[in-house]
Amino acid sequence: MTYAITQTCCSDATCVAVCPVNCIHPTPDEPAFGTTDMLYIDPRACIDCGACADACPVDAIFPADRLTGPQQEFAGINAAYYGDQPPPAAGAGPNFHAWGEPSFARGLPADFAPVRVAVVGTGPAGMYAAEDLLLHTNAEVTLIDRLPVAGGLVRYGVAPDHPGTKGIGDAFARFHSHPRVRTHLGVEVGRDITAEELAAHHHAVVYAVGAGADRRLGIPGEDLPGSLSATTFVSWYNAHPDVPADAVRPSGERVVVVGNGNVALDIARVLVSDADDLARTDIADHALTALRAAPVREVVLLGRRGPEDAAYTPSELRALRHLDGVELLVDDHDPRVGAAVDAAGAADRAALLRGIPRAPVDWSRPPAPGRRIVFRFHSAPVEVLGEDAVRAVRVTGPSGERSLPAGMVLRAVGHRGVPVAGLPFDEATGTVPHEAGRVPGRPGTYVVGWIKRGPSGGIGTNRTCAAETVGTLIADAVAGALPEPAHPAKALRRLLRRRVGAVVDARGLAAIDRAELARGRDTGRPRVKLATVEELRATARRARWAPRP
């Protein structure tokens, strides 16, 4: 019996590396890698060894005959990916696919002195870069993050009802206590230390700071109370310290989400999910309390283009179709919507909407009883209406503009990078200019992740992105192009203690993790996050004074 990859696939290709028969595709060496929604196991070549399931960092791989409920369809999805390809030719052994020659593209000579590298940012991009450095070189890595806890978008961007995806954080966590890693959390480059000072303590600095701003709609009323960015809303339900508990107040029976990417679907799912189901996740306590009391019953996903151009991935839409007690509806206000769905081929994105009811919506009436998510395509927001708070959204349609009454508007139209203190910045792309990860004109300075390539790709995309940057860094090291640090390794810790005080180290980070897990056990949840900088620092500080075991 074959194994199958399911919805939470992160596409980082860890499974590809351990498969003994090369039956998982596309691989990082194939043109399709990074363009498909997930990776797929060829059921004709799988030998049922389970190596991929053991290695998967997000628990996305299972024996196909043990899939239950909504996951069952992924056995067919994996098989369908190989439907138009000839079966593998049998050889002398179980390896039906030819392997290429072993390649060790990244590595330093055995007698090379240790390279000191700082990685700024502990989200997926930064941690993949750190992992690559630790596994392929003898580098000594300094992890720096402006927040007093590690994780980045794994901790603060993944929806609470996707615990499997959050599992990648456990894979990264093992590096926090690595003997060649020093962790300094709660330190902001540009505020607590300059880019020049950080560079003076290392041979190289890799910036993995993401895309911290959101794109705006540029329409009247966008700044009314109740009109928020998706970044704010996601951070709020994930207990991000930058967003206070009272920053979001869900109100009204209807919420309009502008956008139809995966983040928009996450928001819609959280808003209409049963609060008792959310109570079994690590959602922020304040968000759970507010959502229990909220009157929201309907979420409208507003898409400027048609269903054939929707930005969500098929796996995320399939997850919506299996939400208990939640109805899905396609607003049939424009004849192009139904035509696109009916004409779509089996592999087209619009075909995913087949089977979902289509009907025109009477927006002059309150939402229908129950909970539902409405897809409205070919409709763009023109103005957010209201005097002291959001009351409606004026949108386009084939017969002219009309108003959709709503108590809250959330824009989920993408992220944007912000300038990094001391580095060049391209305002047009919201990225730091680079050459294969190297920042021109700044020897020893590199970028990885969204600040390098823009806000595109999922968690696993950062692995190949990091491999390119680390490969460039290693090549520069071998060529003698990295500047020598002006200060010894321990000098940075002394400097940060003078500037910041109690910097959170690996021991403090472990204490935060233990405290959150204990709070979760007390309430029957996987964890209950500490939601403020003060709570996080205090918990880490107590560990500093606790006796060592």
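Reading the values: rules and limits
Residues numbered from 1 in each chain as written. Predicted model: local features only at pLDDT ≥ 70, side-chain atom pairs only at ≥ 80, totals over all residues. Heavy atoms only, no water. Phe/Tyr/Trp six-rings, centres within 6.5 Å; stacked < 30°, edge-to-face > 60°. Helix = DSSP H or I, 4+ residues; strand = E, 2+ residues; numbered from the N terminus. Buried < 20%, exposed > 50% of the residue type's maximum accessible area, 1.4 Å probe, protein only. Axes fitted to C-alpha atoms, helices over the stretch in contact; angles between N-to-C directions. Parallel < 35°, antiparallel > 145°, perpendicular 65-115°, else oblique. Left-handed = near helix turned anticlockwise from the far one by under 90°. Contact = heavy atoms within 4.5 Å. Nonpolar A, V, L, I, M, F, W, Y, C, P; charged D, E, K, R; others polar. Core = buried A, V, L, I, M, F, W, Y, C linked by side-chain atoms within 4.5 Å. Salt bridge = Lys/Arg side-chain N within 4 Å of Asp/Glu carboxyl O. Expected span 1.5 Å × (residues − 1).

Engineer: A description of the packing of aromatic side chains should follow, citing residues and the corresponding values.
Structural biologist: Counted by the stated rule, this structure contains 7 aromatic pairs. A ring pair is formed by tyrosine 40 and tyrosine 81, whose centres lie 4.3 Å apart and whose planes are at 10°; its orientation type is stacked. Here tyrosine 40, found in strand β3 (residues 40-41), pairs with tyrosine 81, found in helix α3 (residues 73-81); they are 41 residues apart in sequence, far enough to count as distant. Measuring from centroid to centroid gives 6.3 Å for tyrosine 312 and phenylalanine 375, while their planes differ by 70°, and the two rings are edge-to-face. Of this pair, tyrosine 312 sits in the loop between β12 (298-302) and α13 (314-320) while phenylalanine 375 sits in strand β15 (residues 371-376), placing them 63 residues apart in sequence. Among the residues examined, phenylalanine 375 registers a relative accessible area of 0% and is labelled buried. Feature note: the residues Tyr40, Tyr81 and Tyr82 constitute an aromatic cluster, connected by ring pairs.

Engineer: So what's going on with the packing of helix α9 (residues 230-237) against helix α10 (residues 262-272)? Residues and values would help.
Structural biologist: Their axes nearest at 11 Å, the elements α9 and α10 cross at an angle of 50°. The orientation of α9 relative to α10 falls into the category oblique. In this structure, the crossing between α9 and α10 has a hand that is left-handed. Residue-level inspection shows Ala230, Phe233, Val234 and Tyr237 of α9 in contact with α10, the latter providing Val263, Asp266, Ile267, Val270 and Leu271. Classifying every residue of the contact of α9 with α10 gives 8 nonpolar, no polar and 1 charged.

Engineer: Give me the lowdown on the nonpolar core, citing residues and values where you can.
Structural biologist: Counting residues in hydrophobic clusters, the biggest one holds 60 residues, and the most contacted among them are Ile24, Leu39, Ile41, Ile61 and Val141. Those residues in contact with isoleucine 24 that sit more than four places away from it in its chain are Ile5, Cys15, Val16, Cys19, Leu39, Tyr40, Ile41, Cys52 and Tyr82. Core analysis: the second largest hydrophobic core is formed by 49 residues, Trp236, Val248, Leu265 and Ile356 among them.

Engineer: Please provide a residue-by-residue account of the pattern of salt bridges, values included.
Structural biologist: One pass over the structure, following the stated rule, counts 37 salt bridges. We note a salt bridge from arginine 191 to glutamate 188, for which the minimum N-O separation is 3.3 Å. Judged by relative accessible area, which is 27%, glutamate 188 ranks as partly exposed. In this structure, arginine 358 engages aspartate 342 in a salt bridge whose closest nitrogen and oxygen atoms are separated by 3.2 Å. With a gap of 16 residues between them, arginine 358 in strand β14 (residues 358-359) and aspartate 342 in helix α14 (residues 335-343) connect regions that are remote in the sequence. For arginine 358, a relative accessible area of 32% gives the class partly exposed.

Engineer: Quick one: what's the story with the side chain of lysine 166, residue by residue and with numbers?
Structural biologist: Within the fold, lysine 166 resides in helix α6 (residues 163-166). Contacts of lysine 166, omitting those with residues within four sequence positions, involve Val154, Arg155, Val158, Ala159, Pro160, Asn238, Asp282 and Lys529.

Engineer: Let's hear about helix α16 (residues 461-478): which residues, and what values?
Structural biologist: For an α-helix, 3.6 residues make a turn, and residues three or four places apart therefore share a direction. With 18 residues, α16 ought to run about 26 Å at 1.5 Å a step, and its terminal C-alpha atoms sit 26 Å apart, in line with that. Looking at the packing, one finds that the buried side of α16 touches β5 (116-120), α4 (124-136), β8 (204-207), β21 (445-447) and α15 (450-453). Remark: glycine 480 follows α16 within two positions and exhibits a positive phi of approximately 75°.

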